[in-house]
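Chains, contacts and geometry: an overview
Here is how the chains run, residue by residue.
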Amino acid sequence: MANLTEEQKAAVDHYGEKIISAKNDIEAIRMLPGVYISHIGTQGELTLIREIFQNATDQLSEPNSPCDRVYIEFNERTLETTIIDNGIGIPFNDMIRIYTKNHTSGNYIKKKGVYKSSTHGLGSKAANALSETFIVESYRYDGEARRIEMHEGEAVTKTPVKIPNPKKIQGTKVYFVPSSILGDIDLKWNAVYNMIRNIIALTPIGSVIDFKGIDKSGNVNE
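Presented here is an overview of the structure given in this document. (Residues numbered from 1 in each chain as written. Predicted model: local features only at pLDDT ≥ 70, side-chain atom pairs only at ≥ 80, totals over all residues. Heavy atoms only, no water.)

1. Concerning the overall build of the protein
Within the protein one finds seven helices and nine strands. Buried residues in the protein amount to 42% of all 222 residues. Within the protein, contacts between residues at least 6 apart in sequence are counted, and of these 66% link residues at least 24 apart. Summed over all atoms, the accessible surface of the protein reaches about 12,600 Å², with 52% contributed by carbon and sulfur. (Helix = DSSP H or I, 4+ residues; strand = E, 2+ residues; numbered from the N terminus. Buried < 20%, exposed > 50% of the residue type's maximum accessible area, 1.4 Å probe, protein only. Contact = heavy atoms within 4.5 Å. Areas by Shrake-Rupley, 256 points an atom, 1.4 Å probe, with all protein chains shown as cover.)

Structure representation (structure tokens):
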């Protein structure tokens, strides 16, 4: 082996200084979105919608969950998505952790006869990390409710904020708008609708899925 040059020796000695780590899970997803959701752009945003929608529909088969209905709304003009279910809801003390820490999931321990579409909880983290605005509201039957708001994956407040729940509704509401990190997005409402149709077949008989799609002309499709 030839003798190393001084430059090569310096490269060996200081190589570790060039190796960096993402500061947290959210930054890692934002650095390499394609690694986590396979696509960016239009297909990437559809993937994020599917991940949050599947979380909601999983509540339909969750043992002891009161969920029997899921609502989803997508607006072509603004790329806003809202998904609501009347299921178990998100534990208040865990709301920020659930949407920011990878490998946080309630599905690692499998229950006999229960087959959920989500497994490791990464989809919800990716949806948050790759959204300009990501808001989650969790409601409880006793009138309590909490809200977290994220911007570009980071929590606006350190703890969930208390919000009114006078009707004592139960469940979860998620609202999000994609980040510019995903690039150009031209997602149509009917693409979202077709994705929903493919998932409906996996939901229990009697489940109700309500959909509203708003096209670029402002027409409402239900």
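Read on, since the account is not over.
2. Notes on the nonpolar core
The biggest cluster of nonpolar side chains holds 42 residues, and the ones touching the most others in it are Phe 53, Tyr 99, Phe 134 and Val 192. The biggest single contributor to this core is helix α4 (residues 41-58), with six residues. Aside from chain neighbours lying at most four places away, what touches Phe 134 is Ile 52, Tyr 99, Ser 124, Ala 127, Asn 128, Ile 148, Glu 149, Met 150, Val 174, Tyr 175 and Phe 176. (Core = buried A, V, L, I, M, F, W, Y, C linked by side-chain atoms within 4.5 Å.)

3. Quick notes on a nonpolar patch on the surface
A cluster of nonpolar side chains, contributed by Met 31, Leu 32 and Val 35, occupies part of the molecular surface with about 310 Å² of accessible area. Relative to the helices and strands, Met 31 is located in helix α2 (residues 25-31). (Patch = residues over 30% accessible without salt bridge, like charges linked within 9 Å, V, L, I, M, F, W, Y side chains within 5 Å. Salt bridge = Lys/Arg side-chain N within 4 Å of Asp/Glu carboxyl O.)

4. A word on the packing of α4 against helix α7 (residues 189-200)
It is at 11 Å that the axes of α4 and α7 come closest, and there the two elements cross at 40°. The two elements α4 and α7 meet at a crossing, and its hand is right-handed. Contacts between α4 and α7 involve Leu 46, Ile 49, Arg 50, Phe 53, Gln 54 and Thr 57 on the former and, on the latter, Ala 191, Val 192, Met 195, Ile 196 and Ile 199. Per-class residue counts for the contact of α4 with α7 are eight nonpolar, two polar and one charged. (Axes fitted to C-alpha atoms, helices over the stretch in contact; angles between N-to-C directions. Left-handed = near helix turned anticlockwise from the far one by under 90°. Nonpolar A, V, L, I, M, F, W, Y, C, P; charged D, E, K, R; others polar.)

5. Considerations on the pairing of strand β7 (residues 171-178)
Burial of β7 is extensive: six of the eight residues sit out of reach of the surface. Pairing between strand β2 (residues 81-85) and β7: five bridges, direction antiparallel. Bridge pairing in β7 places Asp 85 opposite Thr 172. By the bridge criterion, eight bridges tie strand β3 (residues 131-139) to β7 in an arrangement that is antiparallel. The residue of β7 that forms the bridge with Glu 137 is Lys 173. (Pairing = 2+ DSSP bridges.)

6. Examining helix α6 (residues 122-129)
Where burial is concerned, most of α6 is hidden: eight out of the eight residues are buried. Considered for burial, the residues of α6 that qualify are Leu 122, Gly 123, Ser 124, Lys 125, Ala 126, Ala 127, Asn 128 and Ala 129. Tucked into the core, α6 has its buried residues touching α2, α3 (33-37), α4, α5 (95-100), β3 and β4 (145-151).

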